[in-house]
Amino acid sequence: MTSTARTITLTLDSGDADLRFTVDERGKGHPFLLLHGGGGPQTVAAFAGLLAEQRPARVITPVHPGFGGTARPEWLTDVPTLARVYVRLLDELGLEDVTVVGNSIGGWIAAEMALLGSDRIGSVVLVNAAGIHVPGHPVADPFTLTPAELSALSFHDVEKFRIDPATFSDEQRAAAVANRAALQVYSGPHAMADPTLRERLAKVTHPVLVAWGESDQVVDTDYGRAYADAVPGARFQLLLRTGHMPQIETPEQLLATVWDFADAHATDRPGN
């Protein structure tokens, strides 16, 4: 398997977007677009490698502009626009039958991508996604919580995965501040949700799997079931002994879940 990182410039009606993204490949595998959450690209990096190593998969892991030390164009301020950027990226790369996998705000982006109806997308997996409004089940507001408080809500095994900012290097601390600022821009004025998204999801025609860590206290399981109910034909799958970021806490479980769904809905292999 080889791993390469490069910067690509995409031209959209709104302007140009400079995107740095990593491509992990093992042979000629099924393409996956893996979208990270508010914690930044490092939250999916190990899972991207695992998927590319253990399955015949080509994994593309873009860095949302503004995260990971990248620049964010002034016009790029919301999730629907970012979704259009990534559909344009699929066009630029000439990919087909792509499985889009997004965690947290990455799942929100994936949901908005599904609404764009691109022929390049074969299936979509929403992993503990944010983005919809569910009365009585709000998304935990990351901007009012300390890193330790957010960590406590995010994991099944809190002690094993607890985040201690005191151990951060200056570089890690600066990246965390920049990631938080970018997340605040994209999340908009409604605390990590778009009040219109839940109703709009009725127009999605791609196969969708909603995968949810049973111990997530950032977005609880009732929220996840509401997400699945909003998408015609979507399947809901509970992930055991894991929280908001299964790709970190139980990566093998998520790997099997994502691959089986992608494989079942692939259109580019004999028999499908």
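**Brief notes about the pairing of strand 8 (residues 235–239)**
On a regular strand, each side chain points to the face opposite its neighbour's, so the side chains alternate between the two faces of the sheet.
Alright, step 1. Bridge count for strand 7 (residues 208–213) against strand 8 is five bridges, and the pairing is parallel. Considered in strand 8, the bridge of Val-210 is made with Phe-236.
Alright, step 2. With helix 8 (residues 221–230) bridging strand 7 and the parallel strand 8, this β-α-β connection has right-handed handedness.

**Considering the packing of helix 2 (residues 79–93) against helix 3 (residues 105–115)**
Alright, step 1. Their axes nearest at 8 Å, the elements helix 2 and helix 3 cross at an angle of 70°. In this view, helix 2 runs roughly perpendicular relative to helix 3, as classed from their interaxial angle. Where helix 2 crosses over helix 3, the handedness of that crossing is right-handed. Along the contact surface, helix 2 presents Val-79, Pro-80, Leu-82, Ala-83, Tyr-86, Val-87 and Leu-90, while helix 3 presents Ile-105, Trp-108, Ile-109, Glu-112 and Met-113.

**Some details on helix 6 (residues 170–187)**
Alright, step 1. The first and last C-alpha atoms of helix 6 sit 26 Å apart over 18 residues, in line with the 26 Å expected at 1.5 Å per residue.
Alright, step 2. Along helix 6, the positions that sit buried rather than exposed are Asn-179, Ala-182, Leu-183, Tyr-186 and Ser-187. When helix 6 is viewed along its axis, its buried side chains cluster within an angular range of 125° and face the same direction. Along helix 6, exposed side chains directed more than 90 degrees from the buried face belong to Asp-170 and Val-177.
Alright, step 3. Count one or two residues on from helix 6 and you reach Gly-188, which has phi positive near 75°.

**As for the confidence of the model for the protein chain**
Alright, step 1. Across the protein chain, pLDDT averages 90, with 93% of residues at or above 70.
Alright, step 2. A low-confidence stretch, residues 268–272 (pLDDT under 50), is modelled with eight contacts involving residues beyond four sequence positions or located in other chains.

**Considerations on the environment of Pro-142**
Alright, step 1. The topology assignment puts Pro-142 in the loop between strand 6 (121–127) and helix 4 (147–154).
Alright, step 2. Residue class for Pro-142 comes out buried when judged on its relative accessible area of 12%.
Alright, step 3. Put simply, Pro-142 and Val-218 are 76 residues apart on the chain and 8.8 Å apart in space, counted from C-alpha to C-alpha.
Alright, step 4. Setting aside residues up to four positions removed in sequence, Pro-142 forms contacts with Leu-150, Arg-180, Leu-183 and Met-192.

Rules of the game
- Residues numbered from 1 in each chain as written.
- Predicted model: local features only at pLDDT ≥ 70, side-chain atom pairs only at ≥ 80, totals over all residues.
- Heavy atoms only, no water.
- Pairing = 2+ DSSP bridges.
- Helix = DSSP H or I, 4+ residues; strand = E, 2+ residues; numbered from the N terminus.
- Right-handed = clockwise from strand over helix to strand, strands pointing away.
- Axes fitted to C-alpha atoms, helices over the stretch in contact; angles between N-to-C directions.
- Parallel < 35°, antiparallel > 145°, perpendicular 65-115°, else oblique.
- Left-handed = near helix turned anticlockwise from the far one by under 90°.
- Contact = heavy atoms within 4.5 Å.
- Expected span 1.5 Å × (residues − 1).
- Buried < 20%, exposed > 50% of the residue type's maximum accessible area, 1.4 Å probe, protein only.
- Arc of directions from axis to C-beta.
- pLDDT = per-residue confidence, 0-100.

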